[in-house]
Each structure stands twice: as structure tokens, then as C-alpha cells.
Amino acid sequence: MSGVIVTDPPKAASEDVEALARYGVATIGEAMGRTGLLGPGIRPVQQGVRVAGTAVTVLSWPGDNLMIHAAVEQCGEGDILVVTTTSPSTDGMFGELFATALQRRGVRGLVIDAGVRDTQELREMGFAVWSRAVSAQGTVKATGGSVNVPVVVDGQVVHPGDVIVADDDGVVVVPRARARRTAEASEARERKEAAARAAFAEGRLGLDRYGLREKLRQLGVTYQPYEEYAAGERT
């Protein structure tokens, strides 16, 4: 497997990344029309952490972390490393030593469609990781791959420079060209949810706020007193 290392790809503007960092993954996914979400198999190794940054992408051979070493050189302040493999892998391709090198360069976290190890150390040093698996199985450094090329992670295409936002709910990818308007749409959705939250706190029901009683009627859902329902069950 040959490959290419692309240097200095364009990135989303830092102000758009910071704007998106204010919102949760679920809010951003909804704001983009329920798109951009990685599947539930990519999970955090820590809790209570949200990061946002620009993607540096890696395409590696399974069980081989050579191209992660190559990618470290291409990473800088505010980036998030995104790693996938040419076929499914759960080997522990990334650990505390990689995190030390990336943290020194200002990298905010890792999203990897494979395995990680040294998870206790990663949590202790505050380096955020979302991974497919946790595995102590080591890797080799023997096969070429690519850095900063488009990759597919859980069905989502990630281009270098796209915005990655990750939290306890998972990971969402915001295309670089859509970063600003997605931040604006996320803000609008947040305002809408704040109004709903206030209404629910006052005791209002979603059935009434969202006009769902009529929807239930259209679907043929009826209300029935218990005694009437129970009598029907006995017959």
C-alpha cells in the first residue's frame, strides 16, 4: 500500500470552530438535518469532556500505526486527529506516548475507528479520545498509508480541515464549508430548546406544546379508562 502525506490543507476558520464548540454533538447533528454523526460504535474513553477542532486525517493499514507517526508532524494547535484503517481493526494503535507528542503540539483529541490503549494514562493527562475499541494489542510500523486525505469513518466522509466536535454523546463532522452556517443553525436550535425547557419546567406537556394530540388522533390512538380497557381484555 503506497500513500501520500498532504501538507497544509485548508482548515475551517478558528472562530467558526470556537462557535461550534459551544454546542453539543446532538444539537449540531440536528442543526445539520440529522447528518454528520458518526455511529454509536465510536465511544469516549472519558466522561464529561467536549472538544472541537479541525481534522487531520489518517488512513492506515490495520494493526499498523506508522502513518500516525507521520501524522504527528502535520498536526498543530487546535487540531483533532482522525484515524481509520483500510479494513476493520480493533488493535491498540494509539496510546500515552502518542498523546504526549500530540498534546505538546496543541492537538485537542483523537477520533479513531480502531483501538486505543493506556486509557487510564490518557484520562489522567487530559487527552480526550473517542475510539472503536480499547485493546492492549500492539501494532507494527511496516505499511504505507496517507495523511490529510478524505477518509470514511462509520459512513461519514471526513476531509482534512473539517470541524470535529465530540462529547459524551459521540462525534459529529461539520464540513469546512458549512461550519459558519452550522454554528448559526445550532445557536437557533439552542434558543428553541431553551424555550421548550422553560415551558416544561413550568409543567407544560410536549403533547400540547408540539401539537401532538392531533397527531395521535390522526394515527388512531385513543384514550380509554382502565376499567373499560380491562373489560375488553377479559372478553
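Now for a description of the structure that goes with this document. Computed from a predicted structure; not experimentally measured.

**Focus: helix H6 (residues 179-201)**
Then comes step 1: Counted at 1.5 Å a residue, the expected span for H6 with its 23 residues is 33 Å, and the 32 Å between its end C-alpha atoms agrees.
Then comes step 2: Looking at the buried residues of H6, the elements they touch are helix H1 (14-20), helix H2 (25-31), strand S10 (163-167), strand S11 (170-174) and helix H7 (206-209).
Then comes step 3: Note on H6: the residue one or two positions beyond its end, Gly 203, has a positive phi of about 105°.

**Considering the pairing of strand S3 (residues 79-85)**
Then comes step 1: With 7 of its 7 residues buried, S3 lies for the most part within the structure.
Then comes step 2: Side chains Asp 79, Leu 81, Val 83 and Thr 85 of S3 all project onto a buried face; the interleaved residues Ile 80, Val 82 and Thr 84 project onto the opposite face, where all are buried too.
Then comes step 3: Across 7 bridges, the pairing between strand S2 (residues 51-60) and S3 is parallel. Within the sheet, the bridge partner assigned to Val 56 lies in S3 and is Leu 81.
Then comes step 4: Regarding topology, helix H3 (residues 66-72) serves as the crossover connection from S2 to the parallel S3, and that connection is right-handed.
Then comes step 5: Of the strand pairs in this sheet, S3 and strand S5 (residues 109-116) are connected by 4 bridges, and their pairing is parallel. The partner of Val 82 across the bridge, within S5, is Val 111.

What counts, and where the lines are drawn
Residues numbered from 1 in each chain as written. Predicted model: local features only at pLDDT ≥ 70, side-chain atom pairs only at ≥ 80, totals over all residues. Heavy atoms only, no water. Helix = DSSP H or I, 4+ residues; strand = E, 2+ residues; numbered from the N terminus. Expected span 1.5 Å × (residues − 1). Contact = heavy atoms within 4.5 Å. Buried < 20%, exposed > 50% of the residue type's maximum accessible area, 1.4 Å probe, protein only. Pairing = 2+ DSSP bridges. Right-handed = clockwise from strand over helix to strand, strands pointing away.

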